[in-house]
Amino acid sequence: MNIMLNGIPTEVAEQCLLADLIAHLALTGQRLAVEVNAELVPRSTFAHYPLAPDDRVEIIHAVGGG
Amino acid sequence: MTIEMQTTDLLTIAGKTYHSRLLVGTGKYKDMDETARAIAASGAEIVTIAVRRTNIGQTPGEPNILDVLPPERYTILPNTAGCYDAETAIRTCRLARELLDGHNLVKLEVLGDEKTLFPDVIATLKAAEVLVNDGFNIMVYTNDDPIIARELEAIGCIVIMPLAAPIGSGLGIRNPLNIRTIVENAKVPVLVDAGVGTASDAAIAMELGCDGVLMNTAIAAAKNPVLMASAMRKAIEAGREAYLAGRMPAKRFASASSPVDGLFF
């Protein structure tokens, strides 16, 4: 199925969990935060959070800023 | 600064005390090494960060700002820079809180215009209300309007941060009288945020009675950012001491410093 990952159309497996996506991106354990469809998804729930077709996933981290 | 003042003249924000009254941003530096050296030279204990999309695969192994500025050592102040409406600013704060394991201190800024980066104070007020109810401690970027500053304080913002001049402009304190009025009215700390260009600007902000100054470009865009960071630290301390010391009244005409009595000619 297709999702939007940080604004980029991305193909992921059916029944892909958010934790699977994070692992696939080699981001497991990194300091990040995730929104799906503009709603915050707590890190503690990644392992149980199933992605759905056309979900808009945003993975964010800290950068330098003023 | 005297030893006595170092221990007694502290800045308190959200129940935590700080020796430094200089808060610094972490953007626009050449690299992470320069960021770390400049921030060390500034003596800042509170540093701002932005939250942005993670690079996915493009730049593996790139150091993260929080590796250079560990939250165990610095108070991390996530900002909502780049937000032009209340909703995105609120989302950004919630993401930042998750990113920093529940740390709920944020710098709220809702911008109104790309050319000036002046705050959209109407949207800022709306976002502040939602975020206060959601348990955030808000340090709020606003314009130099004492009435808006009063409203933001009434909503529950814990620090009011009027601009000195547009963000990144380096124009200095354009409206010292309004800054002074905001300071006089406020029962919460007031920090000048944005517009400082050089050390004397920072000193003026402190002499006006501000509790601190938040700056980024004035340090990062200096030819020698590490040296400017050191200059800013001293200017903040000098301005604070001058404010506490109480300046002499300005007079139009001269007043001799040497005694008039005892002249021998």
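Computed from a prediction, not measured in an experiment: that's the story for all the values here. (Residues numbered from 1 in each chain as written. Chains lettered and ligands numbered in written order. Predicted model: local features only at pLDDT ≥ 70, side-chain atom pairs only at ≥ 80, totals over all residues. Heavy atoms only, no water.)

## Points about the interface of chain B and chain A
- At the interface, 27 residues of chain B touch 24 residues of chain A.
- When chain B packs against chain A, the two sides together hide about 2,300 Å² of surface, and 55% of this comes from carbon and sulfur.
- Taken together, chain B and chain A are joined by five salt bridges.
- Put simply, A:Arg43 and B:Glu98 hold a salt bridge, and the shortest N to O gap is 3.7 Å. (Contact = heavy atoms within 4.5 Å. Buried area = accessible area lost by both parts, 1.4 Å probe. Salt bridge = Lys/Arg side-chain N within 4 Å of Asp/Glu carboxyl O.)

## Looking at the nonpolar core
- Among the nonpolar cores identified, the biggest contains 71 residues, and B:Leu108, B:Ile138, B:Ile160, B:Val192, B:Met215 and B:Met232 are the most heavily contacted of them.
- Among the elements that line this core, the one with the most residues is helix H4 (residues 86-99) of chain B, at seven residues.
- Beyond its immediate sequence surroundings of up to four residues, B:Val192 is in contact with B:Pro162, B:Ala164, B:Ile173, B:Ile179, B:Ala205, B:Cys210, B:Gly212, B:Val213 and B:Leu214.
- Formed by 18 residues, the second largest nonpolar core is a distinct cluster that contains A:Leu25, A:Leu27, A:Leu32 and A:Val34. (Core = buried A, V, L, I, M, F, W, Y, C linked by side-chain atoms within 4.5 Å. Buried < 20%, exposed > 50% of the residue type's maximum accessible area, 1.4 Å probe, protein only. Helix = DSSP H or I, 4+ residues; strand = E, 2+ residues; numbered from the N terminus.)

## Observations concerning the state of the cysteines
- Per the stated rule, a full pass over the model turns up zero disulfides over all chains.
- Looking at B:Cys157, it has no disulfide partner, and the nearest cysteine sulfur is the one in B:Cys93, 11 Å off. (Disulfide = S-S within 2.5 Å.)

## As for the pairing of strand S4 (residues 46-53) of chain B
- Extensive coverage of S4(B) is indicated by the burial of six of its eight residues.
- Bridge count between strand S5 (residues 56-64) of chain A and S4(B): five bridges; the pairing is antiparallel. Considered in S4(B), the bridge of A:Val63 is made with B:Ala50.
- Pairing of S4(B) with strand S5 (residues 75-78) of chain B, which is carried by four bridges, proceeds in the parallel orientation. Within S5(B), the residue paired with B:Ile49 across the bridge is B:Pro78. (Pairing = 2+ DSSP bridges.)

## Some words on the packing of helix H2 (residues 32-42) of chain B against helix H10 (residues 225-245) of chain B
Residues and elements named next belong to chain B.
- Taken N-terminus to C-terminus, the directions of H2 and H10 make an angle of 20°; their axes are 7 Å apart at the nearest point. On the basis of the axis angle, H2 is roughly parallel to H10. Where H2 crosses over H10, the two elements pack in a sense that is right-handed. Here H2 contributes Glu34, Arg37, Ala38, Ala41 and Ser42 to the contact with H10, which in turn contributes Pro225, Val226, Ala229, Ser230 and Arg233.
- The residue makeup of the contact of H2 with H10, split by class, is five nonpolar, two polar and three charged. (Axes fitted to C-alpha atoms, helices over the stretch in contact; angles between N-to-C directions. Parallel < 35°, antiparallel > 145°, perpendicular 65-115°, else oblique. Left-handed = near helix turned anticlockwise from the far one by under 90°. Nonpolar A, V, L, I, M, F, W, Y, C, P; charged D, E, K, R; others polar.)

## Observations regarding the pattern of salt bridges
- Taken as a whole, this structure holds twelve salt bridges over all chains when the rule is applied.
- The partner of B:Asp134 in a salt bridge is B:Arg97, and the shortest N-O contact between them spans 3.3 Å. Pair noted here: B:Asp134 is in the loop between helix H5 (121-133) and strand S7 (137-142) and B:Arg97 is in helix H4, with a separation of 37 residues, a long-range link.
- Three or more residues are tied together by salt bridges with common partners; here these are A:Arg31, A:Arg43, B:Glu98 and B:Asp101.

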